[in-house]
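Fold and contact review
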Amino acid sequence: MKRLPIGRSDFKSIIEDNMYYIDKSMLIKEITESGDVILITRPRRFGKTLNMSMMKYFFRNDQDNKHLFEELKIWEEKEIIEKYLNKYPVIYLTFKDLKQNNYEDMILSIKKKISDLYLDYVFLWESDKLNEWEKNNMKTIFERKGENILYENSLIDLSKYLYRYYNQKVILLIDEYDTPIQQSYLNGYYNEFINFMGNILGNALKDNEYLEKGVLTGITRVAKESIFTGVNNLDVSTILGKLFNDKFGLTWEEVEETLKYYGLEYEKEKVIEWYNGYNFGGLEIYNPYSIINLARNKGEIKYYWINSSGNELIKQLIRQSTAEVKTKIEELIEGKTIESSIDENLVYGDLDKSTEESIWTLFLFTGYLTWVEHVGEEGEPRYSLRITNKETLQFFKKTVVTIIKETKIELESIIQDIILGKYKEFGIKFKKIVKETLSYFDISGEEPERFYHGLILGMVVGLSKKYIVKSNREAGYGRADVILIPKEKTEPGIIFEFKKYSIDFDKDLKESAEKGIKQIEEKGYEEEIKSYGIEKIIKVAIAFDKKNVEIIVK
């Protein structure tokens, strides 16, 4: 009986060691029939690295790997075999292990990665195909020296060198291209890093005359940060489309074949309930990592995929999300569906704005949610979403509920300071929350008030038993940002007004906050609270300039 390839992602070692392999080789045919540059996005541990490794050994011309494919489906495609098998120079890079927590270490790690790549082609440096200037550039990269711009051009330069040496265009394979981008976002150096990474990839993909085909895999399509802007003939395969939809993850037939091969007794309904639910272009797909571990553990149902990662980005987004997002998460846990527009061109900068659309998009692309059906008008990317399966439900039940509970307790205690008249304590705690949150959220966009609005709503969401919460509702002669109306007349009502500092009209933040108090009074925001018979009203003006905050309570 063949061994299971637990922890293996090198295609050659799996085939040569006669390990169990689920044949995905027809992906090669589909790749050759697709555009010049192909981006494939799938959740983690869905076979991206293994498939990229397979393509590396198929196309690469530096050794004979025909024996690896003789028993696979692609071998029957004689025209593909004749034209492509071991015929092209290949540049292969994986960024899946680049998880450094600061900018300097990430740059050094990428330089090391490129240096190691160049060392595989030292024969170019020794040949007469390169001039002295080009050889000096290679030597500098060998030694991990040189300015960033040298590395930003390293992939297109290597493409040129290989083309000149072999008189053949290059296949470029980049696995998990967005892992370092996500890490830069998580660790607060995204704005510093994105241009460097974008230039490395963009230079290699845009108008590269030496490129036969480029294939990239990742979890998200980071499109608007210029990485793919201007790339000609780009094909994108996401979980929403049919392209390659059966080549990553397992179909039920492949699951059944695997479990039968290992002679396992299993309950079909349990396997479906726990590990199915992924919808790739309308095709039901099972989580391969969980199924392989299910077979390894003789059919024991457990949390496999969920426990294989720290899920830090998802946790952080939940922790920093608005009250509306948290409420919808609770609805999802109850088994309900939600509706949202999905932007396949996800931008991490949009996550900074905490927009619902970008959060649900990331949850979907990372596998924590699945799409049930398209519910928008023709051409409108609006979908109904639910929690994927019982395994992902466990993540929401344990991790998410804990985060929401902790967040509510912390935020509600800050509001209690206002109710108890501890205005100074409220100011200190609020500024601390803003400072911590701003390591992930940028409030310099078109509507920075949205950030503060969402933060206050997150603080009061747990007070619904004691207060009527009104947000941006008509009150008096204008619109109050947030109003808390107590259900007990002996408790105080609270009005929040947010004011963005204006360098043209405000002397300082304190003046902005004073204008907020004046607006509350002049616009008659108190009238609605008074109509409920409430005597005591607390007015809170929060003025801000990015992370700087001034609070006046009256």
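Above this note sits the structure.
Residues numbered from 1 in each chain as written. Predicted model: local features only at pLDDT ≥ 70, side-chain atom pairs only at ≥ 80, totals over all residues. Heavy atoms only, no water.

**Some points on the overall build of the protein chain**
Check the secondary structure of the protein chain and you find 23 helices and 17 strands. Looking at the protein chain residue by residue over its 554 residues, the buried ones come to 56%. Excluding contacts between residues fewer than 6 apart, the proportion of contacts in the protein chain whose partners are at least 24 apart in sequence is 70%. For the protein chain, the accessible area works out to roughly 25000 Å², and carbon and sulfur atoms hold 45% of it. (Helix = DSSP H or I, 4+ residues; strand = E, 2+ residues; numbered from the N terminus. Buried < 20%, exposed > 50% of the residue type's maximum accessible area, 1.4 Å probe, protein only. Contact = heavy atoms within 4.5 Å. Areas by Shrake-Rupley, 256 points an atom, 1.4 Å probe, with all protein chains shown as cover.)

**Some points on the packing of aromatic side chains**
Using the criterion set out here, one finds 33 aromatic pairs in the structure. Between F46 and F280, the ring centres sit 5.6 Å apart and the planes meet at 50 degrees, which makes this aromatic pair tilted. Highlighted residues: F46 in the loop between strand 1 (37-41) and helix 3 (48-59) and F280 in strand 6 (residues 278-280), separated in sequence by 234 residues. Grouping residues by exposure puts F46 and F280 together as buried. Ring geometry for F395 versus F396: centroids 5.6 Å apart, planes at 75 degrees, classification edge-to-face. Three or more aromatic residues joined by ring pairs make a cluster, and in this case those are F46, Y278, F280, W305, W360, F363, Y368, F395 and F396. Across from the ring centre of F280, 5.2 Å away, lies the NZ or CZ of R42, which sits over that ring. Over the ring of Y92 we find K56; its NZ or CZ atom is 4.7 Å from the centre of that ring. (Phe/Tyr/Trp six-rings, centres within 6.5 Å; stacked < 30°, edge-to-face > 60°. Lys NZ or Arg CZ within 6 Å of the ring centre and 35° of its normal.)

**Some remarks on the pattern of salt bridges**
The full count for this structure, using the stated rule, is 24 salt bridges. Of the charged contacts, one joins K247 and D246 as a salt bridge, the two residues approaching to 2.7 Å between their closest N and O atoms. Here K247 falls in the buried class, since its relative accessible area comes to 8%. Classification of D246 as partly exposed rests on a relative accessible area of 28%. Its salt-bridge partner being R382, residue E339 comes within 3.6 Å of it at the nearest N-O pair. With E339 in strand 8 (residues 338-341) and R382 in strand 10 (residues 382-387), the pair connects residues that are 43 residues apart, well separated along the chain. Assessed through its relative accessible area of 42%, E339 is described here as partly exposed. In this structure, a network of salt bridges that share partners links the residues E30, D246 and K247. (Salt bridge = Lys/Arg side-chain N within 4 Å of Asp/Glu carboxyl O.)

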